[in-house]
Amino acid sequence: MSRATIYDVAERAQVSISTVSLALNAPMKVRATTLSRIMTAIDELGFTPRADAASRARKRAGRIGVMAPFTTYPTFARRLEGVLEAVNGLEYEVVVYDQISAAAAAPVLAGLPVTHRLDGLLVMSLPLTPDVAERLRVKTLPTVLVELARPDFSSVSIDDAAGGRLVADELTAAGHTRFGFVGETQAAPDFASQCRERLAGFRAGLRDAELDLPDSRVRLVENSVDAAAQAAAELLDAEEPPTAVFAHDDYLAAGVLRAARTCGLRVPDDLAVVGFDDGDFAEALDLTTVRQPFRESGRVATQILLDRVREPDRPIQRTRLELSYVRRGTA
């Protein structure tokens, strides 16, 4: 049987050859429905780009990819530092794909296992759609997920619910009885599950202390300091305002601190504020927060990925990293 060509793919998908080429080289520029037809045709025909021949002859491309919302969430730069540490001294270069959301990442992810330009891929906090997950699996591009997990992929994650419970334990031990929560809105679906888990863990910890967090003291906002400050101001303007506020991340916690200052409250005497992440500016803000090991997550995920590149039949590995409570001046 003759080898499938780009002409066969174009005919099967009912598009031009140039559109197939664009789908392989710049998939984000191709309409989602058209890209889906092209990728289906590629899968059905078993097409492999000719440019891949030299790569296969070498057996390895010498590159691993890292896909994450770097510009949207600066903390991912610290994960990347861990990745670079893990490949230091090895014959691998790192290719970075900055994607703002899972929707934006899907077209790029669809083409990566076909072009064979990578030996492996790290996907950070971007959920895989079922079709993309299946293509990565069938095309055997070694892939490790960071922060979000699937049963059929190796992953490195944290227990967000345990982080929320940790905050509840610390705040109740300090004597607080009225609480608020500022989280990220459902408009950011890639992080919605994180927010739900942290909130659920926080509420579970409060229940253990026979306390509660009513919905009236929960605010979900876009990921901005201004939005968090406005939401916190609403909470603090209530007849019985919270004496402690837990924020989904340090960025939102900065907004809560701004609202406290605007309302003339003393932190932590009048209001305790706790963030999550221990990002770059948390120490500068003297912010009490939950520290997650960003650099370690990048390093561990890369080590798992390189092991899978060397031994593709290795069993799925799921690693959960520990969180810690960092007590500073805001709680």
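Right, let's walk through the structure included here.

1. A look at the nonpolar core
Turning to step 1, where the next piece is worked out: One finds L122, M124, V167, L171, F181, F202 and L213 to be the most contacted residues of the largest nonpolar core, which totals 42 residues.
Turning to step 2, where the next piece is worked out: If you tally residues by element for this core, the top one is helix α12 (residues 294-310), at six residues.
Turning to step 3, where the next piece is worked out: When sequence neighbours within four positions are dropped, the list of residues in contact with M124 reads V66, M67, A68, P69, F76, R79, V83 and V146.
Turning to step 4, where the next piece is worked out: By size, the runner-up hydrophobic cluster in this structure holds 20 residues, among which are V182, A227, L236 and A247.

2. What about helix α7 (residues 130-138)?
Turning to step 1, where the next piece is worked out: Of all the positions in α7, only V132, A133, R135 and L136 are classed as buried. Taken end-on, α7 shows its buried residues confined to a sector of 160°, consistent with a single buried face.
Turning to step 2, where the next piece is worked out: The first or second residue beyond α7 is T140, which carries a positive phi of 50°.

3. Re the packing of aromatic side chains
Turning to step 1, where the next piece is worked out: If you walk through the whole model with that rule in mind, you get five aromatic pairs.
Turning to step 2, where the next piece is worked out: Seen in terms of ring centroids, F181 and F246 are 5.5 Å apart; in terms of plane orientation they differ by 70°. Their pairing is edge-to-face. With a gap of 65 residues between them, F181 in strand β6 (residues 179-184) and F246 in strand β8 (residues 244-247) connect regions that are remote in the sequence.
Turning to step 3, where the next piece is worked out: On the basis of relative accessible area, F246 is assigned to the buried category, the value being 0%.
Turning to step 4, where the next piece is worked out: On the numbers, 6.4 Å between centres and 40° between planes, the contact of F246 with F276 is tilted. One end of the pair, F246, is in strand β8; the other, F276, is in strand β9 (residues 272-277), with 30 residues separating them in the sequence.

4. Observations regarding the sheet that holds strand β3 (residues 120-124)
Turning to step 1, where the next piece is worked out: Spatially, β2-β1-β3-β4-β5-β11 is the arrangement adopted by the six strands of the open sheet, whose pairing is parallel. Sheet topology places β2 (93-98) and β11 (318-320) at the edges, where each strand pairs with a single neighbour. For this sheet the average axis-to-axis angle between neighbouring strands, irrespective of direction, equals 15°.
Turning to step 2, where the next piece is worked out: Sheet topology places strand β4 (residues 143-146) next to strand β5 (residues 154-157); three bridges connect them, and they run parallel.

5. Looking at the pattern of salt bridges
Turning to step 1, where the next piece is worked out: According to the stated counting rule, one finds 22 salt bridges in the structure shown.
Turning to step 2, where the next piece is worked out: Across the pair D278 and R328 runs a salt bridge whose closest N-O atoms are separated by 3.1 Å. With D278 in the loop between β9 and β10 (288-291) and R328 in the segment after β12 (324-326), this pair connects stretches of sequence that are 50 residues apart.
Turning to step 3, where the next piece is worked out: Here R310 makes a salt bridge to D307, at a shortest N to O gap of 3.3 Å. With R310 and D307 both in helix α12 and three residues apart, this pair spans about one turn of that helix.
Turning to step 4, where the next piece is worked out: By relative accessible area, R310 is classed as partly exposed at 41%.
Turning to step 5, where the next piece is worked out: The network of salt bridges with shared partners includes E81, E85, R295 and R299.

6. Some points on a nonpolar patch on the surface
Turning to step 1, where the next piece is worked out: Together, Y251, F281 and L285 make up a nonpolar patch on the protein surface, roughly 250 Å² of accessible area in all.
Turning to step 2, where the next piece is worked out: When you line up the elements, Y251 lands in helix α11 (residues 250-262).
Turning to step 3, where the next piece is worked out: In this structure Y251 comes out as partly exposed when scored by relative accessible area, which is 37%.

7. Concerning the side chain of R308
Turning to step 1, where the next piece is worked out: Among the structural elements, R308 can be located in helix α12.
Turning to step 2, where the next piece is worked out: Within the local environment of R308, its side chain forms a polar contact with the backbone oxygen of R314, the two atoms lying 2.8 Å apart.
Turning to step 3, where the next piece is worked out: Setting aside residues no more than four positions away along its own chain, R308 makes contact with P142, S154, R314, P315 and I316.

8. Remarks on the environment of L206
Turning to step 1, where the next piece is worked out: Position of L206 relative to the elements: it lies in helix α9 (residues 189-208).
Turning to step 2, where the next piece is worked out: Along the backbone, L206 and L171 are 35 residues apart, and their C-alpha atoms lie at a distance of 9.1 Å.
Turning to step 3, where the next piece is worked out: Excluding residues that lie within four positions of it along the chain, L206 makes contacts with A168, T172, F179, L211, D212 and L213.

9. Things to note about unusual backbone geometry
Turning to step 1, where the next piece is worked out: Residue P268 is reached from V267 by a cis peptide bond, and omega for that bond is 10°.
Turning to step 2, where the next piece is worked out: Mapped onto the fold, P268 is located in the loop between α11 and β9.
Turning to step 3, where the next piece is worked out: For E210, which is not glycine, the phi torsion reads 60° and is therefore positive.
Turning to step 4, where the next piece is worked out: Structurally, E210 is set in the loop between α9 and β7 (218-221).
Turning to step 5, where the next piece is worked out: Here E210 falls in the exposed class, since its relative accessible area comes to 75%.

10. Side note on the packing of helix α2 (residues 17-25) against helix α3 (residues 32-45)
Turning to step 1, where the next piece is worked out: The contact between α2 and α3 brings their axes to 10 Å, and the two run at 90°. Overall, the two elements α2 and α3 adopt an arrangement that is roughly perpendicular. Of α3, the residues touching α2 (which contributes T19, V20, A23 and L24) are T34, L35, I38, M39 and I42.
Turning to step 2, where the next piece is worked out: Here the contact of α2 with α3 is composed, by residue class, of seven nonpolar, two polar and no charged.

What counts as what
- Residues numbered from 1 in each chain as written.
- Predicted model: local features only at pLDDT ≥ 70, side-chain atom pairs only at ≥ 80, totals over all residues.
- Heavy atoms only, no water.
- Core = buried A, V, L, I, M, F, W, Y, C linked by side-chain atoms within 4.5 Å.
- Buried < 20%, exposed > 50% of the residue type's maximum accessible area, 1.4 Å probe, protein only.
- Helix = DSSP H or I, 4+ residues; strand = E, 2+ residues; numbered from the N terminus.
- Contact = heavy atoms within 4.5 Å.
- Arc of directions from axis to C-beta.
- Phe/Tyr/Trp six-rings, centres within 6.5 Å; stacked < 30°, edge-to-face > 60°.
- Pairing = 2+ DSSP bridges.
- Axes fitted to C-alpha atoms, helices over the stretch in contact; angles between N-to-C directions.
- Salt bridge = Lys/Arg side-chain N within 4 Å of Asp/Glu carboxyl O.
- Patch = residues over 30% accessible without salt bridge, like charges linked within 9 Å, V, L, I, M, F, W, Y side chains within 5 Å.
- Areas by Shrake-Rupley, 256 points an atom, 1.4 Å probe, with all protein chains shown as cover.
- Polar contact = N/O pair within 3.5 Å; in protein donor to acceptor, adjacent residues only side chain to side chain.
- Parallel < 35°, antiparallel > 145°, perpendicular 65-115°, else oblique.
- Nonpolar A, V, L, I, M, F, W, Y, C, P; charged D, E, K, R; others polar.

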